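Each chain, letter by letter, is given below.
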Amino acid sequence: MEEPATGGRPKRTRAQTRTTTENNASDASEHVDRDRESSPDDFEAPRPKAKRGRPPSGSTAAPPKASALTLIEVVKGNGKLIPQAVKLWVERYEKDAKPATVELLTMLFEACGAKYHIKEELLDETNVDDVVVALVELARSGNVDDYQSSKKEFKNMKDNLQSFWDKLVCECQHGPLFDQILFEKCMGYIIALSCTPPRVYRQTATLMGLQLVTSFITVAKTLGVQRETTRRQLEAEKKKQSEGPRVESLNKRFSMTHENITILEQMMRNIFQGLFVHRYRDIEPNIRTSCIEALGVWILSYPSMFLQDLYLKYLGWTLNDKNAGVRKASVLALQNLYEVDDNVPTLGLFTERFSTRMIELADDIDISVAVSAIGLVKQLLRHQLLPDDDLGPLYDLLIDDPAEIRHAIGALVYEHLISQKFISSQSGAKGVENNSSEVQLGRMLQILREFSADPILSVYVIDDVWEYMNAMKDWKCIISVLLDENPLIELTDEDATNLVRLLCASVKKAVGERIVPATDNRKPYYTKAQKDVFEHNKQDITLAMMKNYPLLLRKFMADKAKIPSLVDIILHMNLGLYSKRRQEQNFETVLQLIKEAFFKHGEKEALRSCANAIMLCSTDSQGELKDTARNLVKELHDELIHNKLKPAMKEVVDGGDEYPLLVNLKRMYELQLSGNVPIESLYEDMVSTLQSYTNKDDQVVTFLLLNMYMHVQWSLHAIIHSPTISEASLSSILAKRDSLLERLEYILNSCLEMEGNRCNQLARWVCVILTDLSRLFKKTNFASSKLEKLGYSPDASVLQKFWKLCVQQLSISDGTEDDDGNKEYIEETNRDTVMMAAVRLAVTDKVYKEYLGPEIISRFVMHGTSGAEIVKHLITFLKKNDDDLPKTFLEALKMAYHRYMVELSRSDDESLASKHFLEFQELAAQLSGTFIGASKNKHKSDILKIVNEGIEYAFIDAPKQLSFLEGAVLHFVSKLPTPDILEINVNIQNRTENVNMDEDPSGWRPYHTFVQTLREKFAKIEGIQEEKDGTSVRRRGRPRKRRNIQGKRLFDDHGSSEEEDSISGSDHENAQDEEEQQDEDEDDDDDEDVPLINQIRSSSKLRSLKVSREGNKGQT
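Residues numbered from 1 in each chain as written. Predicted model: local features only at pLDDT ≥ 70, side-chain atom pairs only at ≥ 80, totals over all residues. Heavy atoms only, no water.

Draft legend 1. Region of the structure containing the overall build of the protein. Within the protein, the secondary structure is distributed over 49 helices and zero strands. Looking at the 1116 residues of the protein, the share that counts as buried comes to 49%. Within the protein, counting contacts between residues at least 6 apart in sequence, those at least 24 apart form 73% of the total. With the model as given, the accessible surface of the protein reaches about 54600 Å², and the carbon-plus-sulfur share is 48%. (Helix = DSSP H or I, 4+ residues; strand = E, 2+ residues; numbered from the N terminus. Buried < 20%, exposed > 50% of the residue type's maximum accessible area, 1.4 Å probe, protein only. Contact = heavy atoms within 4.5 Å. Areas by Shrake-Rupley, 256 points an atom, 1.4 Å probe, with all protein chains shown as cover.)

This is the structure we're talking about:
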């Protein structure tokens, strides 16, 4: 009898015809086969082009049937033949058990990768241990395939193997499953193979063993339902009559069902004791993960057996596993358990023992584990299994760096502290009344009081909770509370400040703006639906603020902490609604109030917010609103120039107070940052004020220079975009630029002559402005155009003074501030700003690069992590654009080495000289580290050039500079292939053939160290090559101790259960250290992909956050 064909066919024999779907799947398959065999030419649709491996069109083969395939071929296939193959095998087993059992065991061995066959007549006498020893010998000789690898042809192998055993157990549940022969034999081999050294055996056997338990549970649950039904029927029948055939039949069925369940549970225990308790601590993380995932499923689906401390403890222990995947599997399994309310009472002792570790995992080194652990803590809180005192460390994560962790903690904070879901769920309807917007805002303000001292941290907390807290989007409620119209909340001044910040941050979030900088700095992408939501939110915000905005501005006009956030809100409103709702008068009132705030305050944040708001209203509004805004801008400019700045300048020249001039210069600077301000009439006054200003107050001079630079920049912008260019406009901008450059060079010289740290901010601004002017007026920008005369390039003396000032400022700590320094702008003029300015100038022109490039790179490791990151960008740029990279690197190394030699010659302090040498070595390590992976081959000639010229430099006046070999050249030699290393070794020894090194043994010590290291390096490479030559397949992963094993990598050291590592808290700590180091290495590897920074801006907010977090950590 011909077996019915199935719809699923292996790829190699895929049919090239289309069939009509029938109601019955098997009938449809038979119909397709009959059509294919009887009339192969019925289909004349154009066939696709033949692909490699596909049989010719004229010889289309029928899909294989399950009866024609071996069991391992079925498992290797696409899986659709597995149910049919299992059914046929069970039929064969019921007819003749021995050959069918041999067939199944052969498939079991082949699934492990070994071709081994037990003779049918010897099946009963064959010892499991003998077979396993023979299989291990096969693995030792390399005659084993690894079907668990990531190769494409084996991608379905794991799922198919699990499906096969699952279908087999289900198919056997009415017979062979309970004969205590078939599955006992299979389990014996599976358990034995799971304890062997070859990884592939352990991995595959564990997979099969775990699946058997899962399938046994499925059958046991079905039998349990049947047993319960039979019990009820039996009790009902006994009420009718105590004896009789019906009662006897039910008793027999009940006993048989109970006995079968007992057999299944015993088989589960056997696999658990023989396989799980060894493999859950296997050295292979994937095996451990599979065990924990399976245990979680077992406990959840069959709690009557597995929901007890005997099994739960393994989930608790693996919370300390050194592998993140295992820890996550354990956490997710526990999450699923705590979701079921009926499980909670039984989990009491387990929770008491392991809850501390669950909380610790919320700060796990792996982000996915941490997020999962936070979800687990939420489950514990829902069941009130954790005291609030234990949650303190979690709240610190509200200001953690990874956004995923912050938002997970935000969800916990909202549910536990703000909405109090875990409490209100116990109190019923009363909880709903206590969750109004006013109540939730009050609770949120209590949280924000902890962060009042740092607005940046407050924004982080708001960002974390915003997604979950709808009260933050209740604009009317927030406004009514701020205007004291809501009697439910009485605001202190601190609360009012926090609520204004919350309102502003919530408005930004509602319209799709980030309030916390992203780590990748990428612009967020939003779908059309999201953008529609943002527009709707913008409209709601505008309608809520339209009449109340003037009231809020008037109320908080004098408060410098609140006014910046309030003014920022108008940037995110739909200004067109003012016209549509006939609220032009309110719009004008708002503008007048913002103008009033601009002249009332002198702080950076308030001035910047007001300037941005006024400029946006003058450009983005329409019709009458736009005219109103532009008129106000003109009034603002006139008042600032004629009524504020000119009188203030005259007062200072006459020896009067400097503060009015300073604060109005700041106002002008903030206005120029947001748009062009016509200060032509004021520019000459600024120049003359600088020339005649005798007090030399850094702040006044700084803002005079900044305003002059901003005006020159806007003037250039106007000329470039002008349709006609007059000679007068060119002469005017040249005069302004040259007068600015003259004052910059004068102040540059003054700062270099000045002792101490008196002019930190001014000096740093000079570096920034000089860089920006050089870039703006770069000669290549205007070459062969009408503006060619605008080209500018600083001469060599200015360039040298510029770098000397940069070095001076880089050597000054950011913590060193002028006594009278303007602290508002300190974050914009730190050491990173100076390094950024130097890097930007270096990439502007080839001449600058040749001088500044080596100088900057030589200081790679001298100015902290952030400074090193900036230098990395320069190196990335040079690797892509510099044809003479070896020269730049070598010059940088020589400069660093020269600093060491100078310090060594003039200082009696050996520790200081040693510090310089360590910096020199670290520089060499970092520069050589940029040649990694494929980059080593691409830049091989560059590396070789650095090595050869480095050797030449080291032997100048030998042995004085030989330490250059040990400190720098050695790092680059390690990046070269073996033949080049041999050649270098011969070359360097030829240099010393006729040299008497005994005259100065200590001086020649670096040479001997270098040569010895080269020999060791070559010997190591040669040994590795010999090992590779004797191995058929390249090994990956950890090195094994048993070097005499030939063949494929199937063994791991400590692979058997007797030698496995125990899982403990110390393992977890070591794992975290290893993973941190691995993350650092990966970060270094990724540096090659960093794009060139066209303009680097200071991140004052992030820096403020970092300082605050370090402070918090220091207190804990």
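Additional details are given in the paragraphs that follow.
Draft legend 2. Quick peek at the packing of aromatic side chains. The tally for this structure, following the rule as stated, stands at 34 aromatic pairs. Note on Phe 917 and Phe 920: the rings are 5.7 Å apart at their centroids and 55° apart in plane angle, and the pair reads as tilted. Taken together, the residues Phe 917 and Phe 920, both in helix H42 (residues 910–929) and three residues apart, mark about one turn of the helix. Here Phe 917 and Phe 920 have matching classes, each one buried. (Phe/Tyr/Trp six-rings, centres within 6.5 Å; stacked < 30°, edge-to-face > 60°.)

Draft legend 3. The arrangement of the pattern of salt bridges in detail. Enumeration according to the criterion identifies 39 salt bridges in this entry. A salt bridge links Asp 638 to Lys 634, with the shortest nitrogen-to-oxygen separation between them at 3.3 Å. Remark: Lys 634 and Asp 638 occur in helix H30 (residues 623–653); sequence separation between them is four residues, near one turn of the helix. Among the salt bridges present, the one from Lys 789 reaches Glu 727, with a minimum N-O distance of 2.6 Å. Highlighted residues: Lys 789 in the loop between helix H36 (779–782) and helix H37 (796–810) and Glu 727 in helix H34 (residues 727–753), separated in sequence by 62 residues. Overall, the relative accessible area of 44% leaves Lys 789 in the partly exposed class. Salt bridges sharing common partners tie together Glu 228, Arg 231, Arg 232 and Glu 235. (Salt bridge = Lys/Arg side-chain N within 4 Å of Asp/Glu carboxyl O.)

Draft legend 4. Inspection of unusual backbone geometry at higher detail. The peptide bond linking Ala 958 to Pro 959 adopts the cis configuration, its omega dihedral lying at 10°. Examined against the element boundaries, Pro 959 turns out to sit in the loop between helix H44 (940–954) and helix H45 (963–973). Positive phi, close to 55°, is recorded for Gln 384, a residue that is not glycine. Position of Gln 384 relative to the elements: it lies in the loop between helix H15 (367–382) and helix H16 (392–395). Even without glycine at this site, Ser 784 takes up a positive phi of about 55°.

Draft legend 5. Just helix H39 (residues 846–857), in detail. End to end, H39 covers 16 Å across twelve residues, agreeing with the expected 16 Å (1.5 Å per residue, within 8%). For H39, the set of buried residues is Tyr 848, Lys 849, Leu 852, Gly 853, Pro 854, Glu 855, Ile 856 and Ile 857. Lining the buried residues of H39 we find H37, helix H38 (831–842), helix H40 (864–881), helix H41 (885–906) and H42. Residue Asp 845 occupies the N-cap position of H39, its side-chain oxygen lying 2.9 Å from the main-chain nitrogen of Val 847. (Expected span 1.5 Å × (residues − 1). Polar contact = N/O pair within 3.5 Å; in protein donor to acceptor, adjacent residues only side chain to side chain.)

Draft legend 6. Just the confidence of the model for the protein, in detail. For the protein, per-residue confidence averages 81 on the pLDDT scale, and residues scoring 70 or more make up 81% of the total. Contacts from residues 427–432, a stretch scored under 50 in pLDDT, to residues over four places away or in other chains number one contact. In this model, residues 817–821 is a region of pLDDT below 50 whose contacts with residues beyond four sequence positions or in other chains number eleven contacts. (pLDDT = per-residue confidence, 0-100.)

Draft legend 7. A look at the nonpolar core. Of all hydrophobic cores here, the largest spans 323 residues; its most connected members are Trp 165 and Phe 216. Considering every element that reaches this core, the biggest residue donor is helix H8 (residues 199–240), with 13 residues. Here Trp 165 is in contact with Leu 104, Met 107, Leu 108, Cys 186, Met 208, Gln 211, Leu 212 and Ser 215, once residues within four sequence places are set aside. (Core = buried A, V, L, I, M, F, W, Y, C linked by side-chain atoms within 4.5 Å.)

Draft legend 8. Layout of the side chain of Glu 438. Mapped onto the elements, Glu 438 comes out in helix H20 (residues 437–448). Of the side chains with opposite charge, Arg 443 lies nearest to the buried Glu 438, which makes no salt bridge, at 11 Å. In this structure the side chain of Glu 438 is engaged in a polar contact, spanning 3.0 Å, whose partner is the side chain of Asn 486. Filtering out sequence-adjacent residues up to four positions away, Glu 438 remains in contact with Cys 477, Asn 486, Leu 488 and Ile 489. (Lys, Arg positive; Asp, Glu negative; His and termini not counted.)

Draft legend 9. Structural detail: the packing of H30 against helix H32 (residues 680–692). Contact geometry for H30 and H32: axes closest at 10 Å, N-to-C directions at 20°. Of the possible angle classes, the one that applies to H30 and H32 is roughly parallel. You can see that H30 and H32 cross each other, and the crossing is left-handed. When H30 is examined against H32, the residues Ile 641, Leu 645, Lys 646, Met 649 and Val 653 are found in contact with a partner set consisting of Ser 681, Leu 682, Asp 685, Met 686, Thr 689 and Ser 692. Tallied by class, residues from the contact of H30 with H32 come to six nonpolar, three polar and two charged. (Axes fitted to C-alpha atoms, helices over the stretch in contact; angles between N-to-C directions. Parallel < 35°, antiparallel > 145°, perpendicular 65-115°, else oblique. Left-handed = near helix turned anticlockwise from the far one by under 90°. Nonpolar A, V, L, I, M, F, W, Y, C, P; charged D, E, K, R; others polar.)

Draft legend 10. Examining H37 more closely. Compared with an ideal rise of 1.5 Å per residue, which puts 15 residues at 21 Å, H37 spans 21 Å between its outermost C-alpha atoms and is within 8% of the ideal. Of all the residues in H37, the buried ones are Val 798, Leu 799, Phe 802, Trp 803, Leu 805, Cys 806, Gln 809 and Leu 810. The arc enclosing the buried residues of H37, seen along the axis, measures out at 160°, which places them on a common side. Residues of H37 that are exposed and point more than 90 degrees away from the buried face comprise Ala 796 and Lys 804. Contact partners of the buried residues in H37: H34, helix H35 (760–776), H38 and H39. (Arc of directions from axis to C-beta.)

Draft legend 11. Highlighting the environment of Ile 489. With respect to the element layout, Ile 489 can be found in the loop between helix H22 (475–482) and helix H23 (493–510). In this structure the C-alpha to C-alpha distance between Ile 489 and Leu 441, which are 48 residues apart in sequence, comes to 8.8 Å. Beyond its immediate chain neighbours, meaning those up to four positions away, Ile 489 contacts Glu 438, Leu 441, Gly 442 and Val 481.

Draft legend 12. Main features of the environment of Lys 789. C-alpha separation for the pair Lys 789 and Lys 779, spaced ten residues apart in sequence, amounts to 8.5 Å. Not counting residues within four places of it along the chain, the set of residues in contact with Lys 789 comprises Glu 727, Leu 730 and Leu 734. There is a polar contact of 2.6 Å between the side chain of Lys 789 and the side chain of Glu 727.

Draft legend 13. Quick peek at the environment of Gln 379. Within the secondary structure, Gln 379 sits in helix H15. As a C-alpha pair, Gln 379 and Gln 335 span 44 residues in sequence and 6.9 Å in three-dimensional space. Non-local contacts of Gln 379, meaning those with residues more than four positions away in its chain, are made with Gln 335, Tyr 338 and Glu 339.

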